[in-house]
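# Architecture at a glance
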Amino acid sequence: MKGGKSTGGERMMFRIIIILITAATLITACNSNEAAKDDREVIIENQESVTTDGKHGDQQNEKKFEQAPNQSKESEDHKKWASLPEYNKIVEQIGSGDYEFETETDNKGKRVLLIADKDGNKQYKTIYIKNTKHLKIIKIKGEGLLFNGILD
């Protein structure tokens, strides 16, 4: 640079640096939008799967659960369910009666459980959003939403 004037090569270098910075900024912004979009999709999917009155248009709600064949299987199942972070709140809300748990959905974003009485009739549906620890407990026939909140 002579006398404050820039040469053509310096201008070109300056333009390349500006283009690289702009490209890096755009790539970073696009990646953060993808993650936010994934979180929103899980929440929207959750809201679409259950209505506030607790009814689910799925014929699966009418299907009977199979009873556990022996006591040791029941004990193993109880340990499995009791290890879930939402288990204590579920039992607090529905009581500790003789219920059978079934996993409807369990992926990285949410877990949906169906809970049947001792006769195999589905009574409750729970939806647990893992990253926010948000739990909904729904009585399938009758009262509707029993619990809707964030777990500690």
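Note that the structure is a prediction, hence the values are computed from the model and not measured.

Let us now look at the packing of aromatic side chains. For the coordinates displayed, the defined rule picks out three aromatic pairs. A centroid spacing of 5.9 Å and a plane angle of 40° characterise the contact between Y87 and F101, whose relative ring orientation is tilted. Of this pair, Y87 sits in helix α3 (residues 87–94) while F101 sits in strand β1 (residues 100–106), and the two are 14 residues apart along the sequence. Taking the relative accessible area as the measure of exposure, Y87 reaches 13% and is therefore buried. Note on Y99 and Y124: the rings are 5.9 Å apart at their centroids and 80° apart in plane angle, and the pair reads as edge-to-face. Highlighted residues: Y99 in the loop between α3 and β1 and Y124 in strand β3 (residues 122–129), separated in sequence by 25 residues. Residue Y124 is classed as buried on the basis of its relative accessible area of 9%. A cation over a ring is seen here: K80 above W81, with NZ or CZ 4.5 Å from the ring centre.

What follows is about a nonpolar patch on the surface. Taken together, the side chains of M12, I16 and L20 present a nonpolar region at the surface, about 300 Å² in accessible area. Its place among the elements puts M12 in helix α1 (residues 8–49). The class for M12 is partly exposed, based on a relative accessible area of 47%.

So, about the pairing of strand β2 (residues 110–116). Counting buried positions along β2 yields seven of seven residues, so the element is predominantly enclosed. By the alternation rule, side chains of β2 split into K110, V112, L114 and A116 and R111, L113 and I115, which are all buried. As defined by bridge partners, β1 adjoins β2 across six bridges and the pair is classed as antiparallel. Of the residues in β2, the one forming a bridge with F101 is I115. Here β1 folds back onto β2 in antiparallel fashion, the turn holding three residues. Connecting the antiparallel pair β2 and β3 is a turn made up of five residues, with G120 showing a positive phi of about 90°.

Cut-offs applied
Residue positions are given per chain, counted from 1 along the sequence in the order it is written. For a predicted model such as this one, the threshold for reporting local features is a pLDDT of at least 70, and the threshold for listing and counting side-chain atom pairs is 80 or more; totals across whole chains, interfaces and linings nevertheless cover every residue. Excluded from the side-chain calculations are hydrogens and water; all other atoms, namely the structure's heavy atoms, are used. Classification of ring pairs uses Phe, Tyr and Trp, with its six-membered ring standing for Trp, and accepts pairs whose centres are within 6.5 Å; under 30 degrees between planes counts as stacked, over 60 as edge-to-face, and the remaining range as tilted. Helix numbering and strand numbering both begin at the N terminus, where a helix is a DSSP run of H or I of at least 4 residues and a strand a DSSP run of E of at least 2. The classification of residues rests on relative accessible area computed with a 1.4 Å probe and restricted to protein chains. Under 20% of the type maximum is buried, over 50% is exposed, and intermediate values are partly exposed. Either the NZ atom of lysine or the CZ atom of arginine qualifies as a charge over a ring when it sits within 6 Å of the ring centre and within 35 degrees of the ring normal. Patches were defined on residues exceeding 30% relative accessible area and lacking a salt bridge, with like-charge contacts within 9 Å and nonpolar side-chain contacts (Val, Leu, Ile, Met, Phe, Trp, Tyr) within 5 Å. Areas reported as accessible are Shrake-Rupley estimates using a 1.4 Å probe. Residue values count occlusion only from the protein chains shown. The salt bridge criterion pairs a side-chain nitrogen of Lys or Arg with a carboxyl oxygen of Asp or Glu, the two atoms within 4 Å. We treat two strands as partners when DSSP finds at least two bridges between them.

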